[in-house]
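# A structural walkthrough
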Amino acid sequence: MRDGEPEKKIEKSKADPRGQGRKPEATRESGANSPGTGAATEPQPRDIIERMLERGNLFKALQAVEANRGAAGMDGMEVGQLRNYLRGQWAGIREQILNGTYVPRPVRRVDIPKPGGGTRMLGIPTVLDRLIQQAMHQVLSPLWEEGFSAHSYGFRPGRSAAQAVKAAQEHIRSGKRWVVDVDLEKFFDRVNHDVLLARVARRVKDRRMLKLIRCYLESGIMQQGLVEPRTEGTPQGGQLSPLLSNILLDDLDKELERRGHRFCRYADDCNIYVSSRRAGERVMTSLSRFLREKLKLTVNPKKSAVDRPWKRKFLGFSMTAQRGCRVRVAPQAVERFNGRGPWWNVGASHMNTALPTAYFRKMGYIPLLELVNWFRTLRELRSS
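Below you will find a few notes about this structure. (Residues numbered from 1 in each chain as written. Predicted model: local features only at pLDDT ≥ 70, side-chain atom pairs only at ≥ 80, totals over all residues. Heavy atoms only, no water.)

### Section: the packing of helix H7 (residues 193-200) against helix H8 (residues 207-217)
Angle between the axes and distance between the axes are the two parameters that describe a pair of packed helices. Between H7 and H8, whose axes approach to 11 Å, the crossing angle comes to 150°. It follows that H7 is roughly antiparallel to H8 by the angle criterion. In this structure, H7 crosses over H8, and the sense of that crossing is right-handed. Two secondary-structure elements touch here, H7 through His193, Asp194, Leu196, Leu197 and Val200 and H8 through Leu210, Ile213, Arg214 and Leu217. For the contact of H7 with H8, a count of residues per class yields six nonpolar, one polar and two charged. (Axes fitted to C-alpha atoms, helices over the stretch in contact; angles between N-to-C directions. Helix = DSSP H or I, 4+ residues; strand = E, 2+ residues; numbered from the N terminus. Parallel < 35°, antiparallel > 145°, perpendicular 65-115°, else oblique. Left-handed = near helix turned anticlockwise from the far one by under 90°. Contact = heavy atoms within 4.5 Å. Nonpolar A, V, L, I, M, F, W, Y, C, P; charged D, E, K, R; others polar.)

### Details of the pattern of salt bridges
Within the structure shown, the criterion is met by 15 salt bridges. Linking Arg312 and Asp181 is a salt bridge whose minimum nitrogen-to-oxygen distance equals 3.2 Å. Note that Arg312 is positioned in the loop between strand E8 (305-307) and strand E9 (317-319) and Asp181 in strand E3 (residues 178-183), a separation of 131 residues in sequence. On the accessibility criterion, Asp181 (6% relative accessible area) is buried. Here Asp194 and Arg214 are joined by a salt bridge, their closest N and O atoms 2.9 Å apart. Residue Asp194 is found in helix H7, and its partner Arg214 is found in helix H8; the two are separated by 20 residues along the sequence. The class of Asp194 is exposed, set by a relative accessible area of 51%. It is possible to trace a salt-bridge network through shared partners that takes in Glu50, Asp206 and Arg208. (Salt bridge = Lys/Arg side-chain N within 4 Å of Asp/Glu carboxyl O. Buried < 20%, exposed > 50% of the residue type's maximum accessible area, 1.4 Å probe, protein only.)

### Here we look at the packing of helix H4 (residues 127-145) against H8
As a packed pair, H4 and H8 sit with axes 12 Å apart at the nearest point and diverge in direction by 135°. As judged from the angle between their axes, H4 and H8 are oblique. Handedness of the crossing formed by H4 with H8: left-handed. In contact with Asp129, Ile132, Gln133, Met136, Val139 and Leu140 of H4, H8 contributes Met209, Leu212, Ile213 and Tyr216. Split by residue class, the contact of H4 with H8 holds eight nonpolar, one polar and one charged.

### So, the environment of Asn192
Along the chain, Asn192 turns up in the loop between helix H6 (187-190) and H7. The spacing of Asn192 and Glu232 is 40 residues in sequence and 5.3 Å in space, taken between C-alpha atoms.

### Examining the sheet that holds E8
Across the sheet, four strands lie side by side as E6-E7-E3-E8; this open sheet has antiparallel pairing. The strands lining the two open edges of the sheet, one partner per strand, are strand E6 (262-266) and E8. The average angle at which neighbouring strand axes cross in this sheet is 15°, direction not considered. Summarising the sheet, E3 and E8 pair through three bridges and their orientation is antiparallel. Paired with Asp181 across the strands is Ala305, a residue of E8. Sheet contacts for helix H9 (residues 240-258): E6 and strand E7 (269-274); angle to E6, the most-contacted strand, approximately 175°. Against the sheet, helix H10 (residues 277-294) engages E3, E7 and E8, with an angle of about 20° to E3. (Pairing = 2+ DSSP bridges.)

### Re the side chain of Ser318
Position of Ser318 among the secondary structure elements: in strand E9. One polar contact links the side chain of Ser318 to the main-chain carbonyl oxygen of Trp310, over a distance of 3.4 Å. Of the polar contacts made by the side chain of Ser318, one reaches the backbone oxygen of Arg312; its length is 2.9 Å. In this structure Ser318 touches Pro309, Trp310, Arg312, Arg326, Val327, Arg328, Val329 and Ala330, once residues within four positions along its chain are discounted. (Polar contact = N/O pair within 3.5 Å; in protein donor to acceptor, adjacent residues only side chain to side chain.)

### Considerations on H8
Every buried residue of H8 is accounted for by Met209, Leu210, Leu212, Ile213, Tyr216 and Leu217. Along the axis of H8, the buried positions cluster into a sector of 160°, meaning they face one direction only. Elements in contact with the buried residues of H8: helix H1 (48-52), helix H3 (82-99), H4, H7 and H9. The opening residue of H8 is Asp206, an N-cap whose side-chain oxygen sits 2.9 Å from the backbone nitrogen of Arg208. (Arc of directions from axis to C-beta.)

### Some thoughts on the side chain of Asn246
Following the sequence through the fold, Asn246 ends up in helix H9. On the basis of relative accessible area, Asn246 is assigned to the buried category, the value being 1%. Apart from the residues within four sequence positions on either side, Asn246 is in contact with Phe148, Ser152, Gly154, Phe155, Arg156 and Arg265.

Here is the structure:
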């Protein structure tokens, strides 16, 4: 990506707008109680960082970053300014990455409210670091993807939350009518860097790449003009964080598969389906110990439970208690949808004057309030 080289020489390949930087793989059959469809790729030679810096890989990463847009990081550079910046600066940045002296900028901290109270921290990298992380992701992800569990659905090409919910439904229909709902306490804030990097090193033998990953893990967080050092965690917001979380939690998936459990995991949200409360309590105790001792992670006792699936929610959905086990929107999600937020504010008189319901009906849209009221009425009829 040197100055003066025409971009038209690059063969453009379609970038995955979800940040994968490649075409999604064919969707795997959900609900099967089996590991990934293939063995993990063999450990890579010591030149993976050169592969990451290849012009074609970088251009694909640039396309993905531009497609995803996003807010500026701590330096204020916008996505639209990145190409011009690279034309003048990339040669020096590339050399720093190769010789191991590149230092990522701290991420900009943004706290967003969580539905159940409290806040979730997002770390927004600079657009330059988003480009580098995306280029890293594109060469690192294939090393693990084929070996990941078929029961892992989060942040993976060709996989979705809808598939995870469908698989959960199939587990319950098979007779596993108790769920071990495991919530990891502040997972993205508490990831142990040494434990994580030890698992990355199983596949990556290029020490420069390992050092660069550690630099991103420890790059610090800027809040109100001050940079806080970071010794643990992988804050959500960067392109590497989802992949690193799956690499770490793959050990959990393999342990559950070894025990023969039926389960669904979407990032740090994991549900294990069993036949009785007693079995569920045993699983909860042993998994809490495994996570604590092997992965240095803590199960949140206030948010985790062994219960009936229709009394819990998974990715915003729940199930009915009937043997047919139908999927339904979790009551908590419905109540949150009708809170005093943007949905409540659309009832303001000036909004109704500017955009009346008739305007949307003419466009063929069904008012959401009608759907919500229909759902509430249906729920009341079923409970009576």
